[in-house]
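Take a look at the letters that make up each chain.
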Amino acid sequence: MSGDNKTLEFYTREASAYADYTSQEKRSPLLKRFAAFLPEGGDVLDFGCGSGWGANRFNEMGFRAVGFDGSEGLAAEARERYAVEVTVGRFDTFSAESAYDGIWASFCLLHDTREAMPGHLARLHRALRPGGAIYIGLKEGEGAHRDSLGRLYTYFGTDEMTGLLTAAGFGRIATETDQTTGYDGADVISLHIFAHRD
């Protein structure tokens with residue numbers, strides 16, 4: 001996260017409980033679909049990896065996955081639970097060039113401001129190898145607000161994200177939505193995006 005200290009503090013404070021919650025791997029079907037875009041044994045970045053369950057699943061599938069997250073507490077959970085290699089840093093400090101075949105960014109970029117999104121997408125585009133794939137999970141809607149737990153959420157529409165991804169150099173963009181329940185118990189419409197660096 002680049003800007004919101006309150007959200008980051010929440011995830012560090014609640015790291016163990018949140019790691020227990022995410023260990024249920026509710027998004028494994030999406031991860032398996034995403035994995036089909038990746039070369040055998042490819043390099044994967046779990047961006048905003050949280051507890052590391054996603055990186056762990058990629059490693060179990062034979063990929064080489066590492067994590068990046070803003071919360072030292074969650075990074076510690078990822079290392080302890082799954083032996084995932086995690087770099088801790090704010091999203092705007094991330095820097096890599098043509099390093100990954102795939103980037104899994106599951107419900108992390110929504111914790112920053114709308115204004116920050118173009119810069120994040122540009123950095124992720126640079127980090128992918130040509131032809132590399134990205135998955136981005138967001139919440140669909142308009143505006144931004146804090147949930148009952150104090151976390152900042154910025155909502156995005158399908159057309160808005162398609163435009164931002166295209167401007168960042170991504171192609172073969174596919175989107176879909178479904179209804180889910182968040183950690184705070186609220187029902188939300190989730191936006192799932194698959195795209196490629198062409």
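Refer to the structure presented above.
**A word on the packing of helix α3 (residues 28–35) against helix α4 (residues 53–60)**
- The contact between α3 and α4 brings their axes to 11 Å, and the two run at 50°. On the basis of the axis angle, α3 is oblique to α4. Judged by the sense of rotation from one axis to the other, the crossing of α3 with α4 is right-handed. Of the residues in α4, those touching α3 at S28, L31, K32, F34 and A35 are W53, G54, R57 and F58.

**Concerning the environment of T177**
- Checked against the element boundaries, T177 lands in strand β8 (residues 170–181).
- Counting along the chain gives 129 residues from T177 to G48, while the straight-line C-alpha distance between them is 20 Å.
- Every residue in contact with T177, bar those within four places of it in the chain, is listed here: E140, I189, S190 and L191.

**A short note on the pattern of salt bridges**
- Within the structure shown, the criterion is met by 13 salt bridges.
- With its nearest N and O atoms 2.9 Å apart, the salt bridge here joins D198 to R172. With D198 in the segment after β9 (187–197) and R172 in strand β8, this residue pair connects regions lying 26 residues apart in the sequence. With respect to burial, D198 and R172 carry one shared label: exposed.

Analysis parameters
Residues numbered from 1 in each chain as written. Predicted model: local features only at pLDDT ≥ 70, side-chain atom pairs only at ≥ 80, totals over all residues. Heavy atoms only, no water. Axes fitted to C-alpha atoms, helices over the stretch in contact; angles between N-to-C directions. Helix = DSSP H or I, 4+ residues; strand = E, 2+ residues; numbered from the N terminus. Parallel < 35°, antiparallel > 145°, perpendicular 65-115°, else oblique. Left-handed = near helix turned anticlockwise from the far one by under 90°. Contact = heavy atoms within 4.5 Å. Salt bridge = Lys/Arg side-chain N within 4 Å of Asp/Glu carboxyl O. Buried < 20%, exposed > 50% of the residue type's maximum accessible area, 1.4 Å probe, protein only.

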